[in-house]
Amino acid sequence: MNVNQPAPPGVPYGQPQPGYTGFQSNYGGQPGPMIPPSPYGAYNGPMPGYQQLPPPGMPRAPPSSGTPPASTTARVPSGQSAYGQFGQGDVQNGPSSTVQMQRPPVSQPFVPAPVAPLVNQPATFQPYGPPPTSSQLTTQMAGMQISGPPAPPASGLTYGPPPTSMASASGNFPGSNLYSSYPQNLAPPTSLAQPHPGAQTPQHSAPPQASSFPPSAAGGPRPPSIAGPSIPGQNFGGPPVSQSNHASSPPPQAQPPMSGPPGPPPPMHSSQPGYQLQQNGSFGPARGTQPNYGGAYSGAPNFASQPGPPQPPPPKRLDPDSIPSPIQVIEDDRNNRGSEPFVTAARGQVPPLVTTNFLVKDQGNASPRYIRCTSYNIPCTSDMAKQAQVPLAAVIKPLARLPPEEASPYVVDHGEAGPVRCNRCKAYMCPFMQFIEGGRRFQCCFCSCVTEVPPQYFQHLDHTGKRVDFYDRPELSLGSYEFLATVDYCKNNKFPHPPAFIFMIDVSYNAVRSGLVKLLCEELKSLLDFLPREGGAEESAVRVGFVTYNKVLHFYNVKSSLAQPQMMVVSDVADMFVPLLDGFLVNVNESRTVITSLLDQIPEMFADTRETETVFAPVVQAGMEALKAAECPGKLFLFHTSLPIAEAPGKLKNRDDRKLLNTDKEKTLFQPQTGFYQSLAKECVAQGCCVDLFLFPNQYVDVATLGVVPHHTGGSIYKYACFQVESDQERFLSDLRRDVQKDVGFDAVMRVRTSTGIRATDFFGAFYMSNTTDVELAGLDGDKTVTVEFKHDDRLSEDSGALIQCALLYTSCAGQRRLRIHNLSLNCCTQLADLYRNCETDTLINYLAKFAYRGVLSSPVKTVRDALISQCAQILACYRKNCASPSSAGQLILPECMKLLPVYLNCVLKSDVLQPGAEVTTDDRAYVRQLVTSMDVAETNVFFYPRLLPLTKVPVENNAEPPAVRASEERLSKGDVYLLENGLNLFLWVGASVQQSVVQSLFSVPSFSQINSGLSALPVLENPLSKRVRDLIDGFRAQRSRYMKLIVVKQEDKLEMLFKHFLVEDKSLNGGASYVDFLCHMHKEIRQLLS
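Re the overall build of the protein
Phase 1 of the analysis: In terms of regular secondary structure, the protein is built from 22 helices and 30 strands.
Phase 2 of the analysis: Relative to its full complement of 1091 residues, the protein shows a buried share of 60%.
Phase 3 of the analysis: In the protein, 78% of the contacts between residues at least 6 apart in sequence involve partners at least 24 apart.
Phase 4 of the analysis: Counting only carbon and sulfur atoms, one obtains 52% of the accessible surface of the protein, whose full area is about 41000 Å².

Right, here's the structure in full:
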């Protein structure tokens, strides 16, 4: 198809569909409130003081600074659309041999600029919102660099006048036709490669060594001749009001102070051919210096179209393909580091990315599966750390599960003497301790204190000063290991009993009517055979108990000697006690017939209940009292359906109020209603009682308050809104099975020790702290992380580096008291370049998200967002100032290992907690906030930047995972099927022009129109494509800690709104910026800091 050929008729993909005016989808697919037809407000939501343009005809103040306005718009041949969208053909993610289909012009008409002033030129649609005002980006990025320190001399791509252009409403930036951010060394298709008449042909000067990008159009004046698509609900009207030929903005200084990102970002220019890769890997053409860049524009704006002073042609727009691509970085790391094992012998090694599959060989430092740091080379002084603003933090996952080919930590038994420790700081023996005086004493690597070696632990040293049993002792040669703890490490100096599990089932009207009670009781009959067990034990040591409740509590005696279970009712919920001890907690195998009988009877007993009210706090109290009476730690599995409004301690009221959004009181929505649950959680932790909460709400349940107990006890929270057995049982049962079967450490205490010079100052995660050093967890499983921030308290030395030791004391599922130790050594630096060369962006984003998500408890959301942007701008500005070689201010220069910081940060800023859409409930936000708090780095990585995979591109015989594409609508082809996952959600998007054979193979229906939208499972069909897609889905689910329910989404269907929410590189409906625009904004922030 020829690019100049007129586009096919019909509503273009990506525009509002006729049937869906004002539609917003709810999380469960239910229609939400209608969105009012207002134009987009400021960059991150409506800004107070957003100025309208003066009426036509009124003169405008000339800009006092910034780039001069261009006198003419770049022209496009009249038959050619400047915005290419892919039609029925394949998606364009790489250089294609065929010409791309163009985007139908309706989506973004680009009319050639007129020579005379425009008067009432008719347009297809009304312009999209008011023309840009001073709050828009007025700077522009003329070039960018990505460089790894030490930075080579930069070749400046400098500023030219801003192009006149306008944004695509869907947040897409057309013309991206390369698979990766690094354009391939291939000539683009000829029909796309012609520059616009008047566009400057790149002059190749000496290519720079640092990677630089093509220029951006970050905000030129807007031509009146382009009209945007209508907003849903907006009328198509007559001709737009005429505008002068240049919409120049008032001087930036005149604008009210604004710390957040500015108004609707300007758009990108028409599609450009991909630049050829230069020999040094630089992005875009190396351009000579553009004239006219500098101070204020001296002349008056040239409103009429008489020729003004000669202007150079506008620079090319910032092509989405020329900016750093997460997909490319992930792919490069897999290729470079996926084949070799990661050996942990050396100090301060940066591990492969979390998205790379690699094998770890422990040779003295803990595996990155247990600890990941934001930087592996930390500044020697606090002044240097303050200057760089890079947070020094470690994300620690003490009980992480390892792949089968890696050995679990060895268990060391030192008998009654217990582990060998430093006398002063109590650090445990580790590979970094220095043995002296022939092995009779050792010097602590953390505090330098010298300690006598116990006689039974003595061993001679070899000629290098190493003990001769170095390789025989895990604690001397490995980074991670376990010690068996002695009785001194146990509560009340008594060895603990094995833990117990108590299942507490809501039997109110909602729970029974939805089928939940019957489903759960049926599942528990078989699930109890799979309780966690230690090593090769034949049966689990875990005992079980059962409680049902609504407004009152029912305890069950399931002693093995009984013929039938006995029920005891406690109606005095204000003073909770456990009515029976003997027969409440039992061994499953001994009491199997009684338990089975009870689980058969519960659904029948409550089948006709009319009780709708529930209690919550007394249920937790009852479970905790039962564990206390049995003198054992344990876990409560609570299955709860509604806001606890019955008269009882911990009673709650409905306080959901959407009017508080974007106000100073918004933070109250994340805070618990009452302090009662915090003190209850504290009691639970003291008893070693961990709470896992399964919620099945049909309306508001106040997750922010109910979630306090699971959060502080180290438990998990699961939420199934509007639960229906048919569609949700697979997800619920899968989560429940995994939750019951996983290994848990009970009654745990974790302490992080550091060598002199730094100390742990702040902790993030699901736990309780009664003092400043000990992280207390009633339970800790292999999915939970604790994030620790470090600060300087003295100067560090480059020679000795810095050490971290994490010690976790816990009770295993068999009732054994253990200590798990993880050690990590880091480098220290006196040069900032070394810090920036050894950072890990994924871990940094994990930390920043947790820091921000905690911030919303005490500060307005806008303040939190602004602080995030400000900190990242400072990190990048410090690099630019101190590590990059001097170059034009128009260049954005990013450190090589932080080049994805802007795209990932933008994803955090656009997340539901910090910028919710109208369909996101208060409970959803509280739920996600709590989940992210204890996520590991791999989980936050895919949660904030989802994986998007085309499914029909790779031959069916090939079992490899198809290569991912960037999360943008622009990457979707009508003729393909895509799988998107973010760790919690799983979507299968089907393009409208997908081949009939593909539809038949996957859905067993003859055509696209017959696919059932919202389908939650693919039919099991015996053909290679169906099998491969189902295997891929199963593989994704196996990688994640929670079951992801599949949702099939058809192109242009109402569910597509929900799917597009996860295309994070695009502009979001609730005002979040696109990646391109946010990069321009970050550049502006960095330039302000530097100037």
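Focus: the packing of aromatic side chains
Phase 1 of the analysis: Counted by the stated rule, this structure contains 33 aromatic pairs.
Phase 2 of the analysis: For the ring pair Phe694 and Phe732, a centre distance of 6.0 Å and an interplane angle of 80 degrees mean the geometry is edge-to-face. Placement of the pair is Phe694 in strand β18 (residues 689-695) and Phe732 in helix α12 (residues 725-741), with a sequence separation of 38 residues.
Phase 3 of the analysis: Since its relative accessible area comes to 0%, Phe694 is described here as buried.
Phase 4 of the analysis: By relative accessible area, which is 0% here, Phe732 ends up buried.
Phase 5 of the analysis: A centroid spacing of 6.5 Å and a plane angle of 80 degrees characterise the contact between Tyr720 and Phe723, whose relative ring orientation is edge-to-face.
Phase 6 of the analysis: Pairwise contacts between aromatic rings join Phe639, Phe694, Phe696, Tyr718, Tyr720, Phe723 and Phe732 into one cluster.
Phase 7 of the analysis: Geometry around Phe358 places Arg369 over its ring, the cationic atom sitting 5.0 Å from the centre.
Phase 8 of the analysis: Over the face of the ring belonging to Tyr457 we find Arg467, whose NZ or CZ atom lies 4.4 Å from the ring centre.

Brief notes about the pattern of salt bridges
Phase 1 of the analysis: If you walk through the whole model with that rule in mind, you get 46 salt bridges.
Phase 2 of the analysis: Of the charged contacts, one joins Arg971 and Asp321 as a salt bridge, the two residues approaching to 3.0 Å between their closest N and O atoms. Of this pair, Arg971 sits in the loop between β27 (947-950) and β28 (977-981) while Asp321 is found in the loop between β2 (211-213) and α2 (326-337), placing the two residues 650 residues apart along the sequence.
Phase 3 of the analysis: You can call Asp321 buried: its relative accessible area is 0%.
Phase 4 of the analysis: In this structure, a network of salt bridges that share partners links the residues Arg401, Arg738, Asp739, Lys742, Asp781, Asp783 and Lys784.

What about the state of the cysteines?
Phase 1 of the analysis: One pass over the full model with this rule turns up 0 disulfides.
Phase 2 of the analysis: Free cysteine Cys447: the closest other cysteine sulfur is in Cys422, separated by 3.5 Å.
Phase 3 of the analysis: On the accessibility criterion, Cys447 (14% relative accessible area) is buried.

Observations regarding the confidence of the model for the protein
Phase 1 of the analysis: Residue-level pLDDT values for the protein average 79, and 71% of them are 70 or greater.
Phase 2 of the analysis: Low pLDDT, under 50, characterises residues 147-308; the predicted model gives this stretch 502 contacts beyond four residues in sequence or across chains.

Considerations on the pairing of strand β24 (residues 802-811)
Phase 1 of the analysis: Counting buried residues along β24, 10 of its 10 residues qualify, which places the element largely inside the surrounding structure.
Phase 2 of the analysis: Covered by surrounding structure in β24 are Ala802, Ile804, Cys806, Leu808 and Tyr810 together with Leu803, Gln805, Ala807, Leu809 and Thr811, the residues of both alternating faces.
Phase 3 of the analysis: Bridging between strand β20 (residues 744-754) and β24 involves 7 bridges; their strand directions are antiparallel. Across the sheet, residue Val752 finds its bridge partner in β24, namely Cys806.
Phase 4 of the analysis: Here β24 pairs with strand β25 (residues 817-829) via 10 bridges, running antiparallel. Paired with Ala802 across the bridge in β25 is Leu826.
Phase 5 of the analysis: In sequence, β24 turns back onto β25 through a hairpin of 5 residues, with Gly815 there showing a positive phi of about 90 degrees.

Topic: the environment of Phe446
Phase 1 of the analysis: Note on placement: Phe446 falls in the loop between β10 (441-443) and β11 (450-452).
Phase 2 of the analysis: The exposure class assigned to Phe446 is buried, which follows from its relative accessible area of 3%.
Phase 3 of the analysis: Considering only alpha carbons, one finds Phe446 and Ile804, 358 residues apart in sequence, at a separation of 8.5 Å.
Phase 4 of the analysis: Beyond its immediate chain neighbours, meaning those up to four positions away, Phe446 contacts Cys425, Ala427, Cys430, Met433, Arg753, Thr754, Ser755, Thr756, Leu803, Ile804 and Gln805.

Observations regarding a nonpolar patch on the surface
Phase 1 of the analysis: Taken together, the side chains of Met567, Val569 and Met605 present a nonpolar region at the surface, about 260 Å² in accessible area.
Phase 2 of the analysis: With respect to the helices, strands and loops of the structure, Met567 is situated in strand β16 (residues 566-570).
Phase 3 of the analysis: Residue classification places Met567 among the partly exposed residues on the basis of a relative accessible area of 35%.

Topic: the sheet that holds strand β30 (residues 1045-1050)
Phase 1 of the analysis: As summarised here, the arrangement of the 4 strands in space is β27-β28-β29-β30, forming an open sheet in which the pairing is mixed. What marks the edges here is a single partner per strand, and that holds for β27 and β30. This sheet shows a mean twist of 20 degrees between the axes of neighbouring strands, independent of strand direction.
Phase 2 of the analysis: Across 6 bridges, the pairing between strand β29 (residues 985-990) and β30 is parallel. Paired with Leu988 across the two strands is Val1048, which belongs to β30.

A few points about the packing of helix α15 (residues 861-882) against helix α16 (residues 901-909)
Phase 1 of the analysis: Contact pair α15 / α16: the axes reach a minimum separation of 11 Å and the direction vectors enclose 175 degrees. With respect to each other, α15 and α16 are oriented roughly antiparallel. Packed against α15, whose contacting residues are Arg865, Leu868, Ile869, Cys872 and Leu876, the element α16 presents Leu901, Pro902, Leu905, Val908 and Leu909 at the interface.
Phase 2 of the analysis: Tallied by class, residues from the contact of α15 with α16 come to 9 nonpolar, no polar and 1 charged.

What to know about helix α22 (residues 1075-1090)
Phase 1 of the analysis: The end-to-end C-alpha separation of α22 is 22 Å, in line with the 22 Å expected for 16 residues at 1.5 Å each.
Phase 2 of the analysis: Burial of α22 is extensive: 13 of the 16 residues sit out of reach of the surface.

Structural notes on the pairing of strand β14 (residues 543-549)
Phase 1 of the analysis: By the criterion of burial, β14 is predominantly enclosed, with 6 of the 7 residues buried.
Phase 2 of the analysis: When strand β13 (residues 500-506) meets β14, the two strands line up parallel, connected through 7 bridges. Bridged to Ala500 within β14 is Arg543.
Phase 3 of the analysis: Sheet topology places β14 next to strand β15 (residues 553-557); 3 bridges connect them, and they run antiparallel. Within β15, the position partnered with Val547 by the bridge is Phe555.
Phase 4 of the analysis: Taking the residues that link successive antiparallel strands as the turn, the β14-β15 hairpin has 3 residues.

Quick look at the nonpolar core
Phase 1 of the analysis: Leu553, Phe555, Leu638, Tyr836, Leu914, Leu988 and Phe1003 are the most contacted members of the largest nonpolar core, which has 141 residues in total.
Phase 2 of the analysis: Ranked by residue count, the leading element in this core is α15, at 11 residues.
Phase 3 of the analysis: The contact partners of Leu553, leaving out residues within four places of it in the chain, are Val547, Thr548, Met568, Val569, Val570, Val573, Met576, Val615, Pro618, Val619 and Ala622.

Remarks on the sheet that holds strand β5 (residues 371-373)
Phase 1 of the analysis: Strand order in this open sheet of 4 strands is β5-β7-β23-β21, and the pairing throughout is antiparallel. Both outer strands of the open sheet, β5 and β21 (758-764), are each paired with one neighbouring strand and no more. In this sheet, adjacent strand axes meet at a mean angle of 25 degrees when their direction is disregarded.
Phase 2 of the analysis: As paired elements, β5 and strand β7 (residues 393-396) share 3 bridges and run antiparallel to each other. Bridge pairing links Ile371 to Ile396 in β7.
Phase 3 of the analysis: Each of β5, β7, β21 and β23 (786-792) is contacted by helix α14 (residues 841-855), which is oriented at about 60 degrees to β21, the strand it contacts most.

Topic: the packing of α16 against α22
Phase 1 of the analysis: Two elements in contact, α16 and α22, have axes whose closest approach is 9 Å; the angle formed by their N-to-C orientations is 105 degrees. Taken as axis vectors, α16 and α22 run roughly perpendicular relative to one another. Here Pro902, Val903, Leu905, Asn906 and Leu909 of α16 come into contact with α22, specifically with Tyr1075, Phe1078, Leu1079 and Met1082.
Phase 2 of the analysis: Considering only residue class, the contact of α16 with α22 consists of 8 nonpolar, 1 polar and no charged.

Let's talk about the side chain of Asp333
Phase 1 of the analysis: For Asp333, the position within the fold is in helix α2.
Phase 2 of the analysis: Despite its burial, Asp333 pairs with no opposite charge, the nearest such side chain being Arg337 at 4.7 Å.
Phase 3 of the analysis: With residues up to four places along the chain from it excluded, the contact list for Asp333 reads Gly338, Pro352, Leu353 and Thr356.

Some details on the environment of Asp924
Phase 1 of the analysis: Along the chain, Asp924 falls in helix α17 (residues 922-933).
Phase 2 of the analysis: Residues Asp924 and Val913 lie 11 residues apart in sequence; the distance between their C-alpha atoms is 8.5 Å.

Points about unusual backbone geometry
Most peptide bonds adopt trans geometry, and most residues besides glycine take a negative phi value.
Phase 1 of the analysis: Of note in the backbone geometry, Asn493 takes a positive phi value of approximately 50 degrees without being a glycine.
Phase 2 of the analysis: Phi at Glu631 takes a positive value of approximately 55 degrees, unusual for a residue other than glycine.
Phase 3 of the analysis: Assignment of secondary structure puts Glu631 in the loop between α8 (617-630) and β17 (634-640).

Conventions and cut-offs
- Residues numbered from 1 in each chain as written.
- Predicted model: local features only at pLDDT ≥ 70, side-chain atom pairs only at ≥ 80, totals over all residues.
- Heavy atoms only, no water.
- Helix = DSSP H or I, 4+ residues; strand = E, 2+ residues; numbered from the N terminus.
- Buried < 20%, exposed > 50% of the residue type's maximum accessible area, 1.4 Å probe, protein only.
- Contact = heavy atoms within 4.5 Å.
- Areas by Shrake-Rupley, 256 points an atom, 1.4 Å probe, with all protein chains shown as cover.
- Phe/Tyr/Trp six-rings, centres within 6.5 Å; stacked < 30°, edge-to-face > 60°.
- Lys NZ or Arg CZ within 6 Å of the ring centre and 35° of its normal.
- Salt bridge = Lys/Arg side-chain N within 4 Å of Asp/Glu carboxyl O.
- Disulfide = S-S within 2.5 Å.
- pLDDT = per-residue confidence, 0-100.
- Pairing = 2+ DSSP bridges.
- Patch = residues over 30% accessible without salt bridge, like charges linked within 9 Å, V, L, I, M, F, W, Y side chains within 5 Å.
- Axes fitted to C-alpha atoms, helices over the stretch in contact; angles between N-to-C directions.
- Parallel < 35°, antiparallel > 145°, perpendicular 65-115°, else oblique.
- Nonpolar A, V, L, I, M, F, W, Y, C, P; charged D, E, K, R; others polar.
- Expected span 1.5 Å × (residues − 1).
- Core = buried A, V, L, I, M, F, W, Y, C linked by side-chain atoms within 4.5 Å.
- Lys, Arg positive; Asp, Glu negative; His and termini not counted.

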